[in-house]
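Overview (structure and organization)
Letter by letter, the chains look like this.
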Amino acid sequence: MSNRGAISADSIRRNDWGSFDPPVLGGWIPSLDVTVVIADETEQDRLEHTLASLAHQTYPADLFEVVVVDAEARDRFELPKLRPERCLLVDAAGRAPFPTAVAASSSKVIIRLPAGAVVAPELVAALVRWQHVTPEAVSIATLAEIASDWSSAEEISDRAADGTLASAAPAAGATPSAELTKLLAGTHDLRTADHLAFLAVAGMPFAFARDRYEPGTDPYEGADIEVGYRLAQAGAVFLPEPHARAWAVGADRAALARRQRARLANLLPYPRGNRGAGGRTWAVPLVTAVVPADGPYETVRSCVDRLLGGQEGDLRVLLVGDWENLPAGSGEDSDLGLLAAEYRAEPRVRLVTSEPTNGFPSPYLLRVPSRLGVGPATVRSLITSADRWQAGLVRVLPAAASSAAQALELWRTAALSRALRVGAPVGKLPAVVGRTHGERWETGSEYDVVDLTSPKAARAAAAAGRGAGRPTETIAVGGARSLAKATTFVARRYARAAKRRIVRR
């Protein structure tokens, strides 16, 4: 029996899937339709091997289809006789293969299967049982490397039919992925994994709810880790499924990694080492910063320029204003008109008319009131703090601030996506994010955040920040803690900073 949706997104703590209770294999009735997508480069014989194994899945045939993508549109493939009942060949010439295949399907669950993989008969059922519990799940199979290929598709079909596929050579001598094994061992099978949990899908078959995947337009989109990254930003939970087994001939991983790095650096802010070159602008920045153009020209300009000039250059600024209704003539001399003229040619600034609900596909959304200015290290330090604590929201309250509306906010896109999905109103989003990922308050003096409209406050914050390098003191706010507690903490921190200045004198 299906119990899809039994786990609410706001009841899951980060990537801890321990509360999930999937149905027992063989003891349930599936209800979700599934599409297995084969979109990677492969050869005809390898494709025949994969399809032969998929023809013997235990998942109901009327709920299961396979989509094979011909990315070059040169009739590379022919669908063999040994294949699942429902099998479709899709032409993706000039388009990204994987998103094209997903678009050709209407199934509620998608399985991304590496080309050339031979899969166990229970693979689809084992993976998809998790999506019957919650659409938040991304279930990952184990693909082991074999030294030699199978003799024929007929052999694979016969072995799958009589239940000896796993014990047959070459599967019997398969080697599990060292990278995945190490990752699982160090994170309690991903339950304690951080924001890089999506890397577990590299080279593996994995299943996810279709409505959690939001495709883009880049021709290189759709590689395994790129799909995993997009699912991570949607707030997905990654987990291993040991009963889902697959085998494939070992690939040249060094060559594959080199090719993927060149193709995907523009789309993936992680791993951070893939973007080693400074001064570059990327299609998907690490941080999307939002600044309302609601103040004097000089103040807003200072706010934006401080962001652009910081140490964290992997950043884009969305300047929000009523740009479409600027009056002609004298309107060019208005604050809004001057800002439009100032940033019209800046590639890292976009003039938008409304604020985005989250930072997708960037992993961070930074909301900066236009009256606040950041220091050179502010953004990078906030990200370091967020990643250290795996916090979903970090808020910086400058001196003399009286409400949360005056705080600078760094939101983790994955946490915000999950909170938005449960329908939390704007005012309740911090409480939901605090419950699922944790919330922290920080002081403006520690992070060099100043009020640009108050010279006195700016001087005081600068003086308090001379002790750069001190460990940052923060307050963790789990769920709906009151702003009063946070402001009391901040007030005490500023008082201690003032006392230190007096002692120095």
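Scroll up to find the structure this text is about.
Below: a short report on this structure. Quantities reported herein were computed from a predicted structural model and do not represent experimental measurements.

Procedures and definitions
- Every chain is numbered independently, its residues counted from 1 as its sequence is written.
- In keeping with the predicted nature of the model, local features appear solely for residues at pLDDT of at least 70, side-chain atom pairs appear and are counted solely at 80 or more, and the whole-chain, interface and lining totals rest on all residues.
- Side-chain measures were taken over the full set of non-hydrogen atoms in the model, leaving aside hydrogen atoms and water.
- Salt bridges are defined by distance alone: a side-chain nitrogen of Lys or Arg within 4 Å of a carboxyl oxygen of Asp or Glu.
- Only DSSP runs of H or I with at least four residues qualify as helices, and only runs of E with at least two residues qualify as strands; both kinds are numbered from the N terminus onward.
- Any residue under 20% of the maximum accessible area for its type is buried, any over 50% is exposed, and the rest in between are partly exposed; the area is computed with a 1.4 Å probe on protein chains only.
- What makes two strands pair is DSSP finding at least two bridges between them.
- What qualifies as a polar contact is a pair of N or O atoms within 3.5 Å, subject to a donor-acceptor requirement within protein and to the restriction that residues adjacent in sequence count only when both atoms come from side chains.
- The contact definition used throughout considers only heavy atoms, calling two residues in contact when any of these lie within 4.5 Å.
- To obtain an axis, a line is fitted to C-alpha atoms, over the contacting stretch when the element is a helix, and the angle between two such axes runs from 0 to 180 degrees between their N-to-C directions.
- By convention the crossing between two helices is left-handed if the near helix lies anticlockwise of the far one by an angle smaller than a right angle, and right-handed if it lies clockwise.
- Ten residue types, Ala, Val, Leu, Ile, Met, Phe, Trp, Tyr, Cys and Pro, are classed as nonpolar, four, Asp, Glu, Lys and Arg, as charged, and the remainder, Gly among them, as polar.
- For Phe, Tyr and Trp, where Trp contributes only its six-membered ring, two rings pair if their centres lie within 6.5 Å, and the inter-plane angle classes them as stacked under 30 degrees, edge-to-face over 60, or tilted in between.
- Here, a charge over a ring means that NZ of Lys or CZ of Arg falls within 6 Å of the ring centre while also lying within 35 degrees of the ring normal.

Details of the pattern of salt bridges
Under the defined criterion, the tally for this structure stands at 21 salt bridges. Where R435 meets D10, a salt bridge forms, and the shortest distance between an N and an O atom there is 3.3 Å. You can see R435 sitting in helix α12 (residues 429-436) and its partner D10 sitting in the segment before β1 (34-38), a full 425 residues away along the chain. A relative accessible area of 42% places R435 in the partly exposed class. Measuring nitrogen to oxygen at the nearest pair gives 3.1 Å for the salt bridge that ties D314 to R272. Note that D314 is positioned in the loop between α8 (297-308) and β10 (315-320) and R272 in the loop between α7 (253-264) and β9 (287-292), a separation of 42 residues in sequence. Using a relative accessible area of 6% as the deciding quantity, one classes D314 as buried. For R272, a relative accessible area of 32% translates into the label partly exposed. A single network of salt bridges, built from pairs that share partners, joins R272, R275, E312, D314 and R380.

Some remarks on the pairing of strand β16 (residues 439-443)
Among the five residues that make up β16, five are buried, leaving the element largely enclosed by the rest of the structure. Burial of β16 is two-sided: the residues E439, W441 and T443 facing one way and the residues R440 and E442 facing the other way are all buried. Note: strand β14 (residues 393-397) against β16, five bridges, orientation parallel. Along β16, the bridge assignment pairs L397 with T443.

Re unusual backbone geometry
Cis geometry is adopted by the peptide bond preceding P170, which originates at A169 and carries an omega value of 10°. The topology assignment puts P170 in the loop between α4 (153-162) and α5 (178-186). Cis geometry is found at the peptide bond from F360 to P361, where omega equals 5°. Secondary-structure assignment places P361 in the loop between β11 (349-352) and β12 (364-367). With phi around 50°, H188 is a residue other than glycine that occupies positive phi space. Tracing the sequence through the fold places H188 in the loop between α5 and β7 (206-209). Notably, Q390 is not glycine yet its phi reads approximately 55°, a positive angle. Within the secondary structure layout, Q390 lies in the loop between α10 (378-389) and β14. Accessibility expressed as a relative area gives 15% for Q390, which makes it buried.

A short note on the pairing of strand β8 (residues 237-249)
Strand direction decides the pairing type here: strand β5 (residues 118-119) and β8, joined by two bridges, are antiparallel. The residue of β8 that forms the bridge with V118 is W247. Looking at chain direction, strand β6 (residues 137-146) and β8 are connected through nine bridges and run parallel. Residue I146 lies in a different strand from β8, and its bridge partner there is V249.

Comments concerning the side chain of N15
Inspection of the secondary structure puts N15 in the segment before β1. Here L190 takes part through its backbone oxygen, which lies 2.8 Å from a polar atom of the side chain of N15. Aside from chain neighbours lying at most four places away, what touches N15 is L190, R191, A193, A197, A236, V237 and F238.

What about the packing of helix α11 (residues 413-421) against α12?
How two helices sit against one another is set out by the angle between their axes and by the gap between those axes. In contact at an axis separation of 9 Å, α11 and α12 are set at 120° when each is read in the N-to-C sense. Relative to α12, the crossing made by α11 is right-handed. Between α11, through A415, L416, R418, A419 and L420, and α12, the contact on the second element is made entirely by L429, V432, V433 and T436. Residue classes in the contact of α11 with α12 are distributed as seven nonpolar, one polar and one charged.

Some points on the environment of P114
Structurally, the position occupied by P114 is in the loop between β4 (109-112) and β5. As for P114 and A248, which are separated by 134 residues in sequence, their C-alpha atoms are 8.7 Å apart. Here P114 is in contact with D40, L143, G203, M204 and P205, once residues within four sequence places are set aside.

Looking at the packing of aromatic side chains
Counted according to the given criterion, the structure contains six aromatic pairs. With a centroid separation of 5.8 Å and 85° between ring planes, the pair formed by W17 and W130 is classed as edge-to-face. You can see W17 sitting in the segment before β1 and its partner W130 sitting in the loop between α3 (123-128) and β6, a full 113 residues away along the chain. Judged by centre distance (5.9 Å) and plane angle (55°), the rings of F208 and Y213 are tilted. Y213 shares its class with F208; the two are buried. Ring pairing ties together the aromatic residues F98, F206, F208 and Y213, which thus form one cluster. It is R440 that lies over the ring of W389; its NZ or CZ is 3.9 Å from the centre.

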